[in-house]
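Structural description and commentary
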Amino acid sequence: MNTNRNIVILLTGTLLVLLSGCKNLLEVAESKNFVQPDGVTLMTEAQIREFVVGNTYEGDSVRYPGNTYVEFIHPDGKISGLWNEKDRYRGEWALAGKVWCYKYKSSSGCNTLARSDDAILWYRLDGSYQGGKSIVMVGDPRSLSN
């Protein structure tokens, strides 16, 4: 019995050591460099917080054409999403300067954002346009935070 307890303690300690070396999403965002796209005004951290955080955006997936997403961006760093009008998912976001990072169960990444009227335009960190745009809606009109 003591042997099993010692094994559990050893494994728990090993896991804590391994996890302590992992960066959290904010540390990832802070570590990223980006290229300023030519002729584009990227949103500042303050502008992103005002325009995106606490609101909802929706668009067509660039990565998976023919699929749609809607995401509510919680002020506490969480994301509540809806894929193709039926599948709910969760994620998280972090922001450091002009770098917006996100993480879901199956994917993660970082972008810079530009605003065009009521939409977000997504740019890769290398300065290239990722494609697509997300229309921003005030608040949580789709009740995704529930």
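These remarks concern the structure in this document. These numbers were taken from a predicted model, which means no experiment stands behind them. (Residues numbered from 1 in each chain as written. Predicted model: local features only at pLDDT ≥ 70, side-chain atom pairs only at ≥ 80, totals over all residues. Heavy atoms only, no water.)

So, the sheet that holds strand S7 (residues 119-123)
Our working rule: Pairing between two strands requires that DSSP report at least two bridges joining them. Labels follow the DSSP assignment, with helices taken as runs of H or I lasting at least four residues and strands as runs of E lasting at least two, numbered in each case from the N terminus. Here an angle of 0 to 180 degrees is reported between the N-to-C directions of two axes, which are lines fitted to C-alpha atoms, with helices fitted over the stretch in contact.
What the eight strands build is a closed barrel, ordered S1-S2-S3-S4-S5-S6-S7-S8; its pairing is antiparallel. Neighbour to neighbour, the strand axes of the sheet diverge by 35° on average, direction disregarded. Taken together, the six bridges between strand S3 (residues 78-83) and strand S4 (residues 87-96) define a ladder with antiparallel strand orientation. Of the residues in S4, the one forming a bridge with Leu82 is Arg88.

What to know about the layout of surface pockets
Keep this limit in mind: The way it works is a 1 Å grid over only the protein atoms, where trapped points that fit a 1.4 Å probe form a cavity and open points with protein on both sides within 12 Å along at least five of seven lines form a pocket, and then any residue with an atom within 4 Å of a point lines it. Grid points are joined across faces, edges and corners, and a volume is the space filled by probe spheres set on the points. Residues are grouped as follows: Ala, Val, Leu, Ile, Met, Phe, Trp, Tyr, Cys and Pro are nonpolar; Asp, Glu, Lys and Arg are charged; every other residue, Gly included, is polar.
Of the pockets and cavities examined, the largest pocket occupies roughly 670 Å³. The wall of the largest pocket is formed by 27 residues, among which Ser61, Trp83, Tyr102, Tyr104 and Ser107 lie closest to the centre. Elements that contribute at least two residues to the lining of the largest pocket include exactly strand S1 (56-60), strand S2 (68-73), S4, strand S5 (99-104), strand S6 (108-116) and strand S8 (129-137). It is S8 that contributes the most residues to the lining of the largest pocket, five residues altogether. Of the residues contributing to the lining of the largest pocket, the split by class is eleven nonpolar, ten polar and six charged.

Remarks on the pattern of salt bridges
Rules: Basic side-chain nitrogens of Lys or Arg form a salt bridge, by our definition, when they fall within 4 Å of a carboxyl oxygen of Asp or Glu. Burial classes follow relative accessibility: with a 1.4 Å probe on protein chains only, a residue under 20% of its type's maximum area counts as buried, one over 50% as exposed, and anything between as partly exposed.
Tallied over the entire structure, the rule returns three salt bridges. The shortest N-O distance in the salt bridge between Glu45 and Arg49 comes to 3.1 Å. In this pair, Glu45 and Arg49 are both assigned in helix H3 (residues 45-51), four residues apart and thus about one turn of the helix distant. The partly exposed category is assigned to Glu45, whose relative accessible area is 27%. Where Glu58 meets Arg142, a salt bridge forms, and the shortest distance between an N and an O atom there is 3.5 Å. One end of the pair, Glu58, is in strand S1; the other, Arg142, is in the segment after S8, and 84 residues separate them in sequence. On the accessibility criterion, Arg142 (27% relative accessible area) is partly exposed. Several salt bridges share partner residues, and in doing so they unite Glu58, Glu85 and Arg142 into one network.

Some thoughts on the nonpolar core
For the record, the criterion: In plain words, nonpolar cores are sets of buried Ala, Val, Leu, Ile, Met, Phe, Trp, Tyr and Cys residues tied together by side-chain atoms within 4.5 Å. Working rule for contacts: check all heavy atoms of both residues, and any pair within 4.5 Å makes them a contact.
Counting 18 residues, the largest nonpolar core has Val52, Tyr57, Ile73, Trp100 and Ile120 as its most contacted members. Ranked by residue count, the leading element in this core is S5, at three residues. In this view, Val52 contacts Tyr57, Ile73, Trp100 and Ile120; residues no more than four positions away in its chain are not counted. In terms of nonpolar packing, the next biggest core, distinct from the first, is built from eight residues, Ala29, Ala94, Cys101 and Cys110 among them.

Some thoughts on the pairing of S2
Most of S2 is tucked away: five of the six residues are buried. Across five bridges, the pairing between S1 and S2 is antiparallel. In the sheet register, Asp60 faces S2, and the bridge partner there is Thr68. Both S2 and S3 contribute to a ladder of five bridges, which runs antiparallel. Across the sheet, Glu71 pairs through a bridge with Gly81, a residue of S3. Hairpin connection of S2 to S3: four residues between the antiparallel strands, including Gly77 at a positive phi of 95°.

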